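Here is what each chain is made of, one letter per residue.
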Amino acid sequence: MASPPPLSGLRVLEFAGLAPGPFAGMLLADYGATVLRVDRSTSSTTAPTPDLLCRRKSSIAVNLKSPTGRSLLLALIPHVDIIIDPFRPGILEKAGLCPTTVLQPLNPRLIVARMTGFRRDGKYANMAGHDINYIAVSGVLSMLGRANERPYAPGNIVGDFAGGGAVCVLGILLALVERGRTGRGQVVEANMVDGSGFMASMPRLAMKNWSWGGERGTNLLDGGCPYYDTYETGDGKYMAVGALEPQFFAALLKGLGLTKADLPGAREDPSTWDDLRLLFTKMFKSKTRAEWEGIFDGTDACCTPVLMQGELEDQGYDQRPIVTLRDSPGLAIAEKTKDDEKEKDGAIRAAKGQGSGVKGSGWEAEGLMPGVGGEEILEQWVGWRRGKQFDVENGGLVLKSNSKL
């Protein structure tokens, strides 16, 4: 019998935002935390926010510019463990919610996780930006792209999610460890410039030696090396090759029907790479992806299909919690099947997570409308009910002046 997820019982207030903040909140919710999103007050109850990273969350709408709206939030602070602040520097302070002078005096155990794009110091501190800007000034974007082509941004994965949301959660977990020792919360500062830059530690350090010392797109792991690259197949799909070690390269050649005598020279010699890439390109175009899968599946050639998200969904690929905890797994994402319930391997059961999963199984989300489910959470957390402790005015919750908290 698995123990409850490790964050069970933690209460999180997530100020509504896009991408990294919601991602951090969703990660916490997947491991048992109760996440209450704070949306801006609105008169519309028919349209969800653009945020789709709302798994297992609820929402309250609050007008922070209203004294009674802000009073409701301040009255809630003593009952909360974590706040996720996705705003640009100074926004919480302008709202009268300064973490150090207002929030933490109300709750010394409170952890305030503040996430910005740029660093809080330096010439970009007060500028607007998006993922592409953050990874640009971190130096990471300059490393991404083909030789003799302009840098390209890999979606918003590196900055928003890897260097942003995931790093923010790491900071929260570290603060929870420290709180367990001292009983005190603290402010966690995360930014996507430092986060994405840290993710690039290995290639940055490798720029001082042969493996990443060349121009963009000419190195071992950035598309320069022909045996660490992707190739189009005869049906317009792609295979990914990562045959770096000699034994893996030998298995690749065997699968391709090649011998060392067919090669333009020593694979370690970059001067042969252009010709070797042409040879591999020709070979991979000679068969469909399915045919290559039949050849390479089960081998050590480090050659796999480049699968599309739609293919995975159609094949019933199950989305799982980000990391497996054998004794206290995260909550399941994919809706459980009869086969899942019969699974005897404890490691696989833990990997799939506990519980019944969520609607959409991680492949689709309907979004979360402002105000949905939040009043139930307030009653669970602190016993508040509409008409007693709070009311709704102009689409936002407000604290009743005569309420007994």
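Everything below is about the structure printed above this text.
My aim in this report is to walk through the structure given alongside it, one point at a time. Keep in mind that what you see is a predicted model, and the values were worked out from it rather than measured.

1. Considering the packing of aromatic side chains
Geometrically, a pair of aromatic rings is defined through the distance of the ring centres and the angle of the planes.
Piece 1. Taken as a whole, this structure holds 11 aromatic pairs when the rule is applied.
Piece 2. Both rings, one in F118 and one in Y134, keep their centres 4.8 Å apart while their planes meet at 85°; by these two values the pair is edge-to-face. A residue pair is termed long-range when its members are at least 10 positions apart, and F118 in the loop between strand 5 (111–116) and helix 5 (131–137) and Y134 in helix 5 qualify at 16 residues.
Piece 3. With relative accessibility at 6%, the residue F118 sits in the buried group.
Piece 4. Overall, the relative accessible area of 9% leaves Y134 in the buried class.
Piece 5. Seen in terms of ring centroids, Y231 and F284 are 5.2 Å apart; in terms of plane orientation they differ by 10°. Their pairing is stacked. Of this pair, Y231 sits in strand 7 (residues 228–232) while F284 sits in helix 10 (residues 273–284); the two residues are 53 residues apart in sequence, bridging distant segments of the chain.
Piece 6. A relative accessible area of 3% places Y231 in the buried class.
Piece 7. Pairwise contacts between aromatic rings join Y227, Y231, F249, W273, F280, F284, W292 and F296 into one cluster.
Piece 8. The ring of Y227 carries the charged tip of R267 above its face, separated from the ring centre by 4.9 Å.
Piece 9. It is K287 that lies over the ring of W292; its NZ or CZ is 5.8 Å from the centre.

2. Section: the sheet that holds strand 5
Piece 1. Spatial ordering of the open sheet is given by 3-2-1-4-5-6, a layout of 6 strands whose pairing is parallel. The sheet terminates laterally at strand 3 (58–62) and strand 6 (187–191), the two strands that pair on one side only. Recorded for the sheet is a direction-independent mean angle of 20° between the axes of neighbouring strands.

3. A look at unusual backbone geometry
Piece 1. Backbone geometry at A19 places phi at a positive 70°, although glycine is not the residue there.
Piece 2. The topology assignment puts A19 in the loop between strand 1 (11–15) and helix 1 (20–30).
Piece 3. Classification of A19 by relative accessible area gives buried; the value is 16%.
Piece 4. Backbone geometry places C302, a non-glycine residue, at a positive phi of 55°.
Piece 5. Within the secondary structure, C302 sits in the loop between helix 11 (289–296) and strand 9 (303–305).

Criteria and thresholds
Residues numbered from 1 in each chain as written. Predicted model: local features only at pLDDT ≥ 70, side-chain atom pairs only at ≥ 80, totals over all residues. Heavy atoms only, no water. Phe/Tyr/Trp six-rings, centres within 6.5 Å; stacked < 30°, edge-to-face > 60°. Helix = DSSP H or I, 4+ residues; strand = E, 2+ residues; numbered from the N terminus. Buried < 20%, exposed > 50% of the residue type's maximum accessible area, 1.4 Å probe, protein only. Lys NZ or Arg CZ within 6 Å of the ring centre and 35° of its normal. Pairing = 2+ DSSP bridges. Axes fitted to C-alpha atoms, helices over the stretch in contact; angles between N-to-C directions.

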